[in-house]
Amino acid sequence: MDGNGRWATAQGKPRSEGHIAGAATVRRITEAAREEGIRYLTLYAFSSENWNRPTEEVNMLMSLLVQHLSSELSLLLKHGIRLRTIGNIETLSDYALAALNDTLEKTAHCENMDLVLALSYGSRDEITRAVRLIAATDIKDITEKTISEHLDTSFMPDPDLLIRTSGEQRLSNFLLWQMAYTEFYISPILWPDFSKEDFRNALSDYAKRNRRYGNI
Ligand code: IPE
Ligand code: MG
C-alpha cells in the first residue's frame, strides 16, 4: 500500500490526510477481495523500517490502526473475516497491541477469509526470527518446509499475486522467501486512489499469466 504521502502532498494536504484516505482504501479493497473470493489478503501496513519515520507520523499511523480495529470489527464479524498479523508485533505500543489482540481474538473463529496485516514487518527480520526458533529446537533435518513452518506466514500459502501501488518497482523487504514464484503487478495509481475496478483489473491481468514454476 504505497503512495499515501505523495497523494496528500499533491493536494497540498498534510501526510496524515493521505493515511486517512489510505485507510478508506483498505476497507474498499478488503471488500473487493471478499467479493472476488480471495481467501488471503495480506496488506503491508507498517514495515520494520517505518519506525524511522518522524514520531508524529508513527503515532498517527498507530492511532489510525487502533481506531479502525474498533470501527471495522462488526464488519469483519459480519462477513466471517479473520484478522491475522505477521511481523514483530511485540514492538508495537501497549495500547496498539491490546487493541490488536482484542480483534485477533474476537475474529479467531471466522473462516471465510483471512485479512493479514503486516505490522512492524520486515522479511529479513522474520527469517532471522525463524532461524532462531529452529536453532532452539532439536530439529536436525532442516528442509524448506521447516523454514516455511517457522515463518510468521506458516498459516497461509505463498501469495499468488503481489500488487504494488504508486509505481515503485521493488520488494521493500516484503515476503522475500514466500514470493519466490509470486506474480507481480505494478500499478502507477497511488494507494488512496486505488479502486475496486483497479483491483479487479489486477486480478484479470493475473488470470492471463502463464505460471511455469521453472518448468517449460
Ligand atoms: C504507504 O504510504 C503507507 C505506509 C507506509 C503506512 P507512504 O506513507 O509510504 O506514502 P509515500 O511513499 O510517502 O507517498
Ligand atoms: Mg512509500
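Just above sits the structure.
Residues numbered from 1 in each chain as written. Chains lettered and ligands numbered in written order. Predicted model: local features only at pLDDT ≥ 70, side-chain atom pairs only at ≥ 80, totals over all residues. Heavy atoms only, no water.

## So, the sheet that holds strand 3 (residues 113–121)
Moving on, step 1. The sheet built from three strands is open, its strands ordered 1-3-2 with parallel pairing. The open sheet has two free edges, formed respectively by strand 1 (40–47) and strand 2 (81–86), since each of these has just one partner strand. With direction set aside, neighbouring strand axes in the sheet form an average angle of 20 degrees.
Moving on, step 2. Here strand 1 runs beside strand 3; their pairing, made up of seven bridges, is parallel. Within the sheet, the bridge partner assigned to Phe46 lies in strand 3 and is Leu119.
Moving on, step 3. Along the sheet face, helix 4 (residues 94–106) touches strand 2 and strand 3 and points at about 135 degrees away from the line of strand 2. (Pairing = 2+ DSSP bridges. Helix = DSSP H or I, 4+ residues; strand = E, 2+ residues; numbered from the N terminus. Axes fitted to C-alpha atoms, helices over the stretch in contact; angles between N-to-C directions. Contact = heavy atoms within 4.5 Å.)

## So, the environment of Ala118
Moving on, step 1. The topology assignment puts Ala118 in strand 3.
Moving on, step 2. In this structure, the C-alpha to C-alpha distance between Ala118 and His19, residues 99 residues apart in sequence, is 16 Å.
Moving on, step 3. Once you skip the residues sitting within four places of it in the chain, Ala118 turns out to touch Leu43, Tyr44, Ala45, Phe46, Ile86 and Phe174.

## Observations regarding the site of ligand 1
Moving on, step 1. What surrounds ligand 1 is the set Met1, Asp2, Gly3, Asn4, Gly5, Arg6, Arg15, His19, Ala45, Asn50, Arg53 and Leu61.
Moving on, step 2. Here an oxygen atom of ligand 1 sits 2.7 Å away from a polar atom, N or O, in the side chain of Arg53.
Moving on, step 3. About the coverage of ligand 1: the protein hides 86% of its 380 Å² of free accessible area.
Moving on, step 4. For the shell around ligand 1, the elements supplying multiple residues, two or more each, are helix 1 (4–10) and helix 2 (15–35).
Moving on, step 5. Top element by residues in the shell around ligand 1 is helix 1. It accounts for three residues.
Moving on, step 6. A class-by-class count of the residues in the shell around ligand 1 yields three nonpolar, five polar and four charged. (Near = heavy atom within 4 Å. Polar contact = N/O pair within 3.5 Å; in protein donor to acceptor, adjacent residues only side chain to side chain. Areas by Shrake-Rupley, 256 points an atom, 1.4 Å probe, with all protein chains shown as cover. Nonpolar A, V, L, I, M, F, W, Y, C, P; charged D, E, K, R; others polar.)

## Observations concerning the nonpolar core
Most often, soluble globular proteins keep nonpolar side chains buried together rather than apart.
Moving on, step 1. Core analysis: the biggest nonpolar cluster contains 30 residues, and Leu83, Leu92, Leu100, Leu115, Leu119 and Phe199 have the highest contact counts within it.
Moving on, step 2. Ranked by residue count, the leading element in this core is helix 3 (residues 55–78), at seven residues.
Moving on, step 3. With residues up to four places along the chain from it excluded, the contact list for Leu115 reads Thr30, Leu41, Leu43, Leu76, Ile81, Arg82, Leu83 and Arg84. (Core = buried A, V, L, I, M, F, W, Y, C linked by side-chain atoms within 4.5 Å. Buried < 20%, exposed > 50% of the residue type's maximum accessible area, 1.4 Å probe, protein only.)

## Overview of the packing of helix 3 against helix 4
Moving on, step 1. At a minimum axis distance of 10 Å, the contact between helix 3 and helix 4 shows a crossing angle of 20 degrees. Regarding the angle of helix 3 to helix 4, the classification is roughly parallel. Here helix 3 runs over helix 4; the crossing is left-handed. Where helix 3 approaches helix 4, its residues Asn59, Met62, Ser63, Val66, Leu69, Leu73, Leu76 and Leu77 are matched on the opposing element by Tyr95, Ala96, Ala99, Leu100, Thr103 and Lys106.
Moving on, step 2. Here the contact of helix 3 with helix 4 is composed, by residue class, of 10 nonpolar, three polar and one charged. (Parallel < 35°, antiparallel > 145°, perpendicular 65-115°, else oblique. Left-handed = near helix turned anticlockwise from the far one by under 90°.)

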